[in-house]
Amino acid sequence: MDVDYGKCWDTSKKSWKSTLILAYQSLGVVYGDLSISPLYVYKSTFAEDIHHSETNEEIFGVLSFVFWTLTLVPLFKYVFIVLRADDNGEGGTFALYSLICRHAKVSLLPNRQVADEALSTYKLEHPPETKNSSRVKLLLEKHKSLHTALLILVLLGTCMVIGDGLLTPVISVFSAVSGLELSMSRDHHQYAVIPITCFIIVCLFALQHYGTHRVGFCFAPIVMAWLLCISALGLYNIIHWNPQVYKALSPYYMVKFLKKTRKGGWMSLGGILLCITGSEAMFADLGHFSYAAIQIAFTFLVYPALILAYMGQAAFLSRHHHTIHKIGFYVSVPDCVRWPVLVIAILASVVGSQAIISGTFSIINQSQSLGCFPRVKVVHTNAKIHGQVYIPEINWILMILCVAVTIGFRDTKHMGNASGLAVMAVMLVTTCLTSLVIILCWNKPPILALGFLLLFGSIELLYFSASVIKFLEGAWLPILLALFLVTVMFVWHYATVKKYEHDLHNKVSLEWLLALGPSLGITRVPGIGLVFTDLTSGIPANFSRFVTNLPAYHRILVFVCVKSVPVPFVPPAERYLVGRVGPAAHRSYRCIVRYGYRDVHQDVDSFESELVSKLADFIRYDWYKAHGIIDTCNEDDGSRSGASSGECRLTVIGTLDLSGTPAFELEENVQPASVSVGFPTVESVTDVIEMQPVERRVKFAIDNESEGDSRGEMDTLLQEELEDLYAAQQAGTAFILGHSHVKAKQESSVLKRLAINYGYNFLRRNCRGADVSLKVPPASLLEVGMVYIV
């Protein structure tokens with residue numbers, strides 16, 4: 001299914017009305033998590049490490065830390081700097097990694113092609129490079145170990161986002177429901193809060209398969225009501241209890257706080273950092289809105305509301321020292337509105353949890369598309385809004401883990417320690433990647449990137465250290481989860497690359513395919529055979545194995561490569577690269593289908609029909625061009641010398657109107673005016689790029705004089721080839737996939753043998769197969785057993 005890719009950042013959003021509407025809509029998706037942090041920040045901060053005293057130095061110090069943390073990290077770092085590091089309007093960890101990979105050769109993704117750089121979404125910044133930035137670029141490109149380290153850093157950030165998706169629903173819902181403690185006895189409270197929290201969490205995950213769009217219409221009003229509620233409560237408490245609380249915004253109170261509390265104050269930072277939980281969502285959800293909308297919503301509504309809420313709580317606590325053992329959000333709420341506030345808080349916590357759960361599904365889908373996560377079933381819950389996905393396996397695993405964490409921790413302190421560490425780890429990864437973007441993509445002096453890294457990195461490291469020190473008090477959970485997930489993801493990615501290199505070494509020559517014929521007992525059967533492979537050139541080994549065991553193949557043979565490109569999405573008009581394999585009479589073709597890391601993959605029915613349509617367009621285009629009806633100007637035939645014999649260049653099919661008689665009015669502004677030439681044979685796999693850097697741009701012109709002479713000559717052959725294609729489609733389509741088993745070489749290290757023979761093969765057996773992820777109907781599936789020795 002295709003979606004409207006430009007809808008999230010088109011020119012219509014430039015109007016103020018559209019921007020304000022987007023800013024309002026962003027409240028429910030982007031700020032749900034961040035807006036509910038007042039529920040648990042003070043309670044987590046004053047859990048054990050420090051205590052509120054009569055002098056109010058502790059509460060004022062904490063308020064000062066909260067104010068400057070909210071000002072420096074979400075406002076200055078994210079709103080004014082990080083949000084500008086977008087990838088075609090998309091944000092998040094993979095957007096930063098994608099930008100870096102496009103500006104420096106540090107990607108570990110296989111089957112890259114020069115033709116990918118001709119994509120309209122493959123945007124590169126081209127300000128003048130400085131000497132220092134080029135040195136950093138050369139250093140990164142030179143050392144392969146840095147490529148691996150960069151990937152591991154990205155995977156670590158991804159795993160911490162998944163950890164945040166586990167912990168945020170727990171602490172949010174638990175903190176909201178804990179307001180019941182002020183309305184019932186302690187004995188009843190102990191037996192009520194945990195079951196109610198677990199029930200809400202189970203209901204939340206049980207509704208995920210309906211998709212965000214089904215209930216999303218009420219998200220923004222709920223968060224708006226919550227922000228107005230905490231703002232009003234904050235103003236009431238400031239005016240009624242302590243109007244002088246604004247003085248605590250001075251940095252002097254931070255110094256005073258640390259001087260008095262010393263180690264306890266440093267350890268309490270693990271609770272203060274929870275005030276910026278959810279800030280990463282502003283960048284991660286950038287693709288659904290716009291930079292201006294997110295900036296306006298945070299600067300003029302969310303930020304002031306949060307500051308008022310924290311100031312109001314501090315003002316109340318500064319006049320109520322007897323609440324030392326009951327510090328929390330609900331103690332500052334007047335009795336007459338406590339129940340309505342409790343209901344709004346629970347609804348807001350559900351909205352905030354929904355946002356981070358959806359983000360978890362999205363980032364796992366992106367990891368899977370880049371070959372860094374075992375295959376899982378991805379369900380797109382909305383055909384019109386790209387990015388809204390649901391992953392059943394992950395959903396139920398997260399639900400079980402959330403319930404287990406709720407029952408196991410039972411208090412805000414341990415939940416806050418765990419959540420805080422995950423949040424700061426994600427922010428540290430974003431800071432490091434943004435520093436590289438400043439140098440490599442924006443070509444700014446490295447001193448600016450270093451200043452950015454030192455300023456925000458030091459703040460985040462300070463908070464991170466305060467969380468790590470509480471390893472035994474809850475912080476162990478995200479660390480353990482991240483280590484497990486990074487291991488799984490890296491092993492999967494490593495084995496995927498090794499399989500690709502094995503395929504590259506063992507691919508069969510085109511001459512072997514062309515030599516197959518009746519003299520060898522090979523027959524052509526009716527129908528279309530789609531041979532799926534990761535290779536973008538050559539004949540895959542799984543097809544040679546198939547023909548060896550079953551000496552027949554289909555009348556129409558298509559070698560299909562479904563690959564990911566380091567861009568957020570590929571426009572449908574530029575998705576298909578199509579070319580011939582051998583002469584026209586052989587009826588063999590190559591089709592490379594390119595997707596971005598946020599693209600919606602088609603289901604098999606629409607893919608099959610669209611593939612036949614693209615093949616028909618290519619056949620017409622190829623015959624018209626071969627007979628001079630289309631004149632490819634600006635084309636240097638000498639550049640074909642590096643192409644493997646018989647392997648024709650691949651053409652972008654998607655914008656050529658070639659149906660019926662050729663009606664051409666093609667000018668220089670035809671969008672995919674690029675052709676990828678045939679691929680030279682790769683003798684070594686030290687670099688798994690399959691194509692030499694040959695970039696071609698063509699424009700199409702019609703030679704009216706030759707059209708009449710060539711039409712009669714080609715019409716018969718063209719019509720015959722098209723009839724063969726449509727007849728084969730009617731006969732049925734078979735999907736030929738490799739069923740692989742991977743083994744490590746005998747001389748491999750013990751660690752590699754464990755990772756490949758046991759780790760990868762266990763994951764392969766227990767995750768979705770390629771046929772499921774490609775949505776191939778079982779009746780049309782042909783699997784070819786393959787053993788990979790890597």
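Residues numbered from 1 in each chain as written. Predicted model: local features only at pLDDT ≥ 70, side-chain atom pairs only at ≥ 80, totals over all residues. Heavy atoms only, no water.

**Looking at the overall build of the protein chain**
Turning to step 1, where the next piece is worked out: Along the backbone of the protein chain there are 25 helices and 12 strands.
Turning to step 2, where the next piece is worked out: Going through the 790 residues of the protein chain one by one, you find that 59% of them count as buried.
Turning to step 3, where the next piece is worked out: By sequence separation, contacts in the protein chain at least 24 residues apart represent 84% of the contacts at least 6 residues apart.
Turning to step 4, where the next piece is worked out: Accessible area for the protein chain stands at about 31,600 Å²; split by element, carbon and sulfur atoms hold 62% of it. (Helix = DSSP H or I, 4+ residues; strand = E, 2+ residues; numbered from the N terminus. Buried < 20%, exposed > 50% of the residue type's maximum accessible area, 1.4 Å probe, protein only. Contact = heavy atoms within 4.5 Å. Areas by Shrake-Rupley, 256 points an atom, 1.4 Å probe, with all protein chains shown as cover.)

**Observations concerning the environment of Tyr 390**
Turning to step 1, where the next piece is worked out: Relative to the elements of secondary structure, Tyr 390 occurs in strand 2 (residues 389-390).
Turning to step 2, where the next piece is worked out: You can call Tyr 390 buried: its relative accessible area is 7%.
Turning to step 3, where the next piece is worked out: Aside from chain neighbours lying at most four places away, what touches Tyr 390 is Gln 208, His 209, Phe 361, Lys 377, Val 378, Val 379, Thr 381, Asn 395 and Trp 396.

**Structural notes on helix 7 (residues 144-177)**
Turning to step 1, where the next piece is worked out: Under the 1.5 Å per step criterion, the end-to-end length of helix 7 is 50 Å for 34 residues, consistent within 8% with the ideal 50 Å.
Turning to step 2, where the next piece is worked out: At Leu 167, helix 7 is bent by approximately 30°, the largest bend along its length, and proline Pro 169 sits one to four residues beyond.
Turning to step 3, where the next piece is worked out: For helix 7, the buried fraction is high: 26 of the 34 residues fall into the buried class. (Expected span 1.5 Å × (residues − 1). Bend = angle between axes of the 7 residues up to and from the residue.)

**Some thoughts on the side chain of Ser 178**
Turning to step 1, where the next piece is worked out: Tracing the backbone through its elements, the reader meets Ser 178 in the loop between helix 7 and helix 8 (186-206).
Turning to step 2, where the next piece is worked out: For Ser 178, a relative accessible area of 6% corresponds to the buried category.
Turning to step 3, where the next piece is worked out: Among the polar contacts made by the side chain of Ser 178, one reaches the main-chain carbonyl oxygen of Ser 175 at a distance of 2.6 Å. (Polar contact = N/O pair within 3.5 Å; in protein donor to acceptor, adjacent residues only side chain to side chain.)

**Details of the environment of Pro 74**
Turning to step 1, where the next piece is worked out: Of note, Pro 74 is situated in helix 4 (residues 57-79).
Turning to step 2, where the next piece is worked out: Classification of Pro 74 as buried rests on a relative accessible area of 0%.
Turning to step 3, where the next piece is worked out: Filtering out sequence-adjacent residues up to four positions away, Pro 74 remains in contact with Thr 69, Val 79, Ile 276, Ser 279, Met 282 and Phe 298.

**Remarks on helix 12 (residues 263-272)**
Turning to step 1, where the next piece is worked out: Along helix 12, 8 of the 10 residues are buried, which leaves the element largely enclosed by surrounding structure.
Turning to step 2, where the next piece is worked out: Considered for burial, the residues of helix 12 that qualify are Gly 264, Gly 265, Met 267, Ser 268, Leu 269, Gly 270, Gly 271 and Ile 272.
Turning to step 3, where the next piece is worked out: Buried-residue contacts for helix 12 involve helix 3 (41-45), helix 4, helix 11 (252-261), helix 17 (412-440) and helix 18 (446-468).

**Some words on the pattern of salt bridges**
Turning to step 1, where the next piece is worked out: Applying the stated criterion across every chain yields a total of 18 salt bridges.
Turning to step 2, where the next piece is worked out: One salt bridge in this structure joins Lys 260 and Glu 58, with 2.9 Å as the shortest N-O distance. Of this pair, Lys 260 sits in helix 11 while Glu 58 sits in helix 4, placing them 202 residues apart in sequence.
Turning to step 3, where the next piece is worked out: The exposure class of Lys 260 is partly exposed, given its relative accessible area of 39%.
Turning to step 4, where the next piece is worked out: In this structure, Arg 598 and Glu 90 form a salt bridge, with 2.4 Å as the shortest nitrogen-oxygen distance. Taken together, the residues span a long stretch of sequence, with Arg 598 in the loop between strand 6 (588-595) and helix 22 (604-626) and Glu 90 in the loop between helix 4 and helix 5 (93-103) at a distance of 508 residues.
Turning to step 5, where the next piece is worked out: For Arg 598, a relative accessible area of 6% corresponds to the buried category.
Turning to step 6, where the next piece is worked out: If you follow the salt bridges from partner to partner, you end up with Glu 57, Glu 58, Lys 256 and Lys 260 in one network. (Salt bridge = Lys/Arg side-chain N within 4 Å of Asp/Glu carboxyl O.)

**Digging into the pairing of strand 3 (residues 523-532)**
Turning to step 1, where the next piece is worked out: With 8 bridges joining them, strand 3 and strand 4 (residues 552-564) adopt parallel strand pairing. Within strand 4, the residue paired with Val 531 across the bridge is Phe 559. (Pairing = 2+ DSSP bridges.)

**Details of the packing of aromatic side chains**
Turning to step 1, where the next piece is worked out: This structure, assessed with the given rule, holds 20 aromatic pairs.
Turning to step 2, where the next piece is worked out: Between Trp 241 and Phe 316, the ring centres sit 5.7 Å apart and the planes meet at 90°, which makes this aromatic pair edge-to-face. Of this pair, Trp 241 sits in helix 10 (residues 219-241) while Phe 316 sits in helix 14 (residues 291-318), placing them 75 residues apart in sequence.
Turning to step 3, where the next piece is worked out: Judged by its relative accessible area of 9%, Phe 316 falls in the buried class.
Turning to step 4, where the next piece is worked out: When the ring centre of Tyr 788 is taken as origin, the NZ or CZ atom of Lys 499, which lies over that ring, is 5.5 Å away. (Phe/Tyr/Trp six-rings, centres within 6.5 Å; stacked < 30°, edge-to-face > 60°. Lys NZ or Arg CZ within 6 Å of the ring centre and 35° of its normal.)

**As for the packing of helix 1 (residues 16-30) against helix 14**
Turning to step 1, where the next piece is worked out: Following both chains from N to C, one finds helix 1 and helix 14 inclined at 65°, their axes separated by 8 Å at the closest point. On the basis of the axis angle, helix 1 is roughly perpendicular to helix 14. In terms of crossing hand, the pair formed by helix 1 and helix 14 is right-handed. On helix 14, the residues that touch Trp 16, Thr 19, Leu 20, Leu 22, Ala 23, Ser 26 and Leu 27 of helix 1 are Ala 292, Ala 293, Ile 296, Ala 297, Leu 301 and Val 302.
Turning to step 2, where the next piece is worked out: Grouping the amino acids of the contact of helix 1 with helix 14 by side-chain chemistry returns 11 nonpolar, 2 polar and no charged. (Axes fitted to C-alpha atoms, helices over the stretch in contact; angles between N-to-C directions. Parallel < 35°, antiparallel > 145°, perpendicular 65-115°, else oblique. Left-handed = near helix turned anticlockwise from the far one by under 90°. Nonpolar A, V, L, I, M, F, W, Y, C, P; charged D, E, K, R; others polar.)

**Focus on the environment of Ile 400**
Turning to step 1, where the next piece is worked out: With respect to the element layout, Ile 400 can be found in helix 16 (residues 392-409).
Turning to step 2, where the next piece is worked out: Relative accessible area serves as the criterion here: at 55%, Ile 400 is assigned to the exposed category.
Turning to step 3, where the next piece is worked out: Between the C-alpha atoms of Ile 400 and Ile 201, which are 199 residues apart in sequence, the distance is 9.5 Å.

**What about the packing of helix 4 against helix 11?**
Turning to step 1, where the next piece is worked out: Packing of helix 4 against helix 11 brings their axes to within 8 Å, and their N-to-C directions diverge by 130°. As far as their axial angle goes, helix 11 and helix 4 are oblique. Handedness of the helix 4/helix 11 crossing: left-handed. Residues Glu 57, Glu 58, Phe 60, Gly 61, Val 62, Ser 64, Phe 65 and Trp 68 of helix 4 pack against Tyr 253, Met 254, Lys 256, Phe 257, Leu 258, Lys 260 and Thr 261 of helix 11.

**Some details on the confidence of the model for the protein chain**
Turning to step 1, where the next piece is worked out: When pLDDT is averaged along the protein chain, the result is 80, and 82% of the positions lie at 70 or above.
Turning to step 2, where the next piece is worked out: For residues 1-13, every residue scores under 50 in pLDDT, and the model assigns this stretch 40 contacts once sequence neighbours within four places are set aside.
Turning to step 3, where the next piece is worked out: Note that residues 656-703 has pLDDT below 50 and, in this model, 126 contacts with residues that lie over four places away or in other chains. (pLDDT = per-residue confidence, 0-100.)

**As for the pairing of strand 4**
Turning to step 1, where the next piece is worked out: Most of strand 4 sits out of view: 11 of its 13 residues are buried.
Turning to step 2, where the next piece is worked out: As paired strands, strand 4 and strand 6 are joined by 8 bridges and run parallel to one another. In the strand pairing of strand 6, Val 558 is matched with Tyr 589.

**Overview of a nonpolar patch on the surface**
Turning to step 1, where the next piece is worked out: Nonpolar side chains collect at one region of the surface, where Ile 447, Leu 448, Leu 450, Leu 453 and Leu 454 lie side by side and expose about 470 Å² of accessible area between them.
Turning to step 2, where the next piece is worked out: Mapped onto the fold, Leu 453 is located in helix 18. (Patch = residues over 30% accessible without salt bridge, like charges linked within 9 Å, V, L, I, M, F, W, Y side chains within 5 Å.)

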